[in-house]
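Okay, here's what each chain looks like letter by letter:
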Amino acid sequence: MPLAVCATPIGNLEDVTLRVLRELAEADVVLCEDTRHTKGLLDRHGIRATLLSYHRHNEASRTAALLPRLEAGERIALVSDAGLPGVNDPGARLIAAALEAGLPVTVLPGPSAVETALVASGLAGDGYRFLGYLPRGEKALRALWAELAGRPHPAVAFESPQRLPATLRSLAAALPERRVAVCRELTKRFEEVFVGTASEALTHFTEPRGEVVLLIEG
């Protein structure tokens with residue numbers, strides 16, 4: 001059986017495909033970042049499964065132990081807490097190891113915070129650059145803003161609510177006229193999408209909370 005890489009909801013637990021639910025129900029084991037988090041998703045949809053933690057602290061040891069199980073034909077599903085494993089989440093190591101060993105891998109697509117934020121912001125076009133989590137430190141941020149200044153496509157990044165004000169201050173100083181979008185708690189009850197300059201966003205988000213996706217106009 002192939003390793004099944006399953007996209008899971010980024011917030012709303014109803015945003016999951018029928019194919020992913022079937023795979024999770026039929027898997028011999030489901031690998032997940034936080035077993036408690038994934039159990040909430042499974043309980044919501046009436047699924048009972050054997051869960052095994054797979055996160056950045058145990059990726060190496062787990063990958064070595066899981067390859068023989070895949071080779072033996074065990075049905076293994078891989079999820080992260082939100083979105084698609086391997087994209088800024090654990091999973092890339094196991095996927096690469098399985099492919100190198102000649103084992104099949106199948107991807108079950110689904111929710112994406114990056115693409116959801118792009119569409120919700122109105123800044124989407126014919127391309128974008130994904131930055132992952134933004135660097136820490138003013139010097140690194142200034143270098144990134146300088147690199148983005150001449151690029152034609154929007155950039156998408158993840159940022160923590162705690163660091164968002166400092167990031168917006170840095171961005172406002174470097175690119176004061178450039179529009180940004182701050183997408184907070186996407187698909188959740190208190191979803192919010194704010195579009196304006198970085199200075200305007202800084203005024204709006206005085207005490208930001210929840211998961212944040214930041215977009216910078218091209």
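Residues numbered from 1 in each chain as written. Predicted model: local features only at pLDDT ≥ 70, side-chain atom pairs only at ≥ 80, totals over all residues. Heavy atoms only, no water.

Undergrad: Could you give an account of the sheet that holds strand β7 (residues 155–159), naming the residues involved and the relevant values?
TA: Judged by pairing direction, the sheet is mixed, and its five strands sit side by side in the order β6-β7-β10-β8-β9 without closing on themselves. Each edge of the open sheet carries a strand with a single partner, namely β6 (129–133) and β9 (192–197). Along the sheet, successive strands turn relative to each other by an average axial angle of 15°, direction set aside. Bridge analysis of β6 against β7 gives four bridges, and the strand direction is parallel. (Pairing = 2+ DSSP bridges. Helix = DSSP H or I, 4+ residues; strand = E, 2+ residues; numbered from the N terminus. Axes fitted to C-alpha atoms, helices over the stretch in contact; angles between N-to-C directions.)

Undergrad: Explain the packing of aromatic side chains to me, and be specific about the residues and the numbers.
TA: Per the counting criterion, the structure on display carries three aromatic pairs. Ring centres 5.3 Å apart and planes at 70° place the aromatic pair Phe130 and Phe158 in the edge-to-face group. Residue Phe130 is found in strand β6, and its partner Phe158 is found in strand β7; the two are separated by 28 residues along the sequence. For Phe130, a relative accessible area of 29% gives the class partly exposed. Measuring from ring centre to ring centre gives 5.9 Å for Phe194 and Phe205, while their planes differ by 85°; the resulting arrangement is edge-to-face. (Phe/Tyr/Trp six-rings, centres within 6.5 Å; stacked < 30°, edge-to-face > 60°. Buried < 20%, exposed > 50% of the residue type's maximum accessible area, 1.4 Å probe, protein only.)

Undergrad: Quick one: what's the story with the pattern of salt bridges, residue by residue and with numbers?
TA: With the rule as written, the count across this model stands at 14 salt bridges. The partner of Glu147 in a salt bridge is Arg151, and the shortest N-O contact between them spans 3.4 Å. Overall, Glu147 belongs to the partly exposed group, its relative accessible area being 36%. Among the salt bridges present, the one from Arg184 reaches Glu192, with a minimum N-O distance of 3.2 Å. Judged by its relative accessible area of 23%, Glu192 falls in the partly exposed class. Because the salt bridges share partners, they merge into one network encompassing Glu23, Glu26 and Arg75. (Salt bridge = Lys/Arg side-chain N within 4 Å of Asp/Glu carboxyl O.)

Undergrad: Describe the side chain of Asn58, listing the residues and the values that go with them.
TA: Note that Asn58 resides in the loop between β3 (51–53) and α3 (59–71). A distance of 2.8 Å separates the side chain of Asn58 from the backbone nitrogen of His55, its partner in a polar contact. (Polar contact = N/O pair within 3.5 Å; in protein donor to acceptor, adjacent residues only side chain to side chain.)

Undergrad: I'd like a description of the environment of Pro154, backed by residues and values.
TA: Note on placement: Pro154 falls in the loop between α6 (138–148) and β7. Since its relative accessible area comes to 6%, Pro154 is described here as buried. Spatially, the C-alpha atom of Pro154 lies 5.4 Å from that of Ile216, the residues being 62 residues apart in sequence. If we skip the residues at most four places from it in the chain, Pro154 touches Leu118, Leu123, Gly127, Tyr128, Arg129, Ile216, Glu217 and Gly218. (Contact = heavy atoms within 4.5 Å.)

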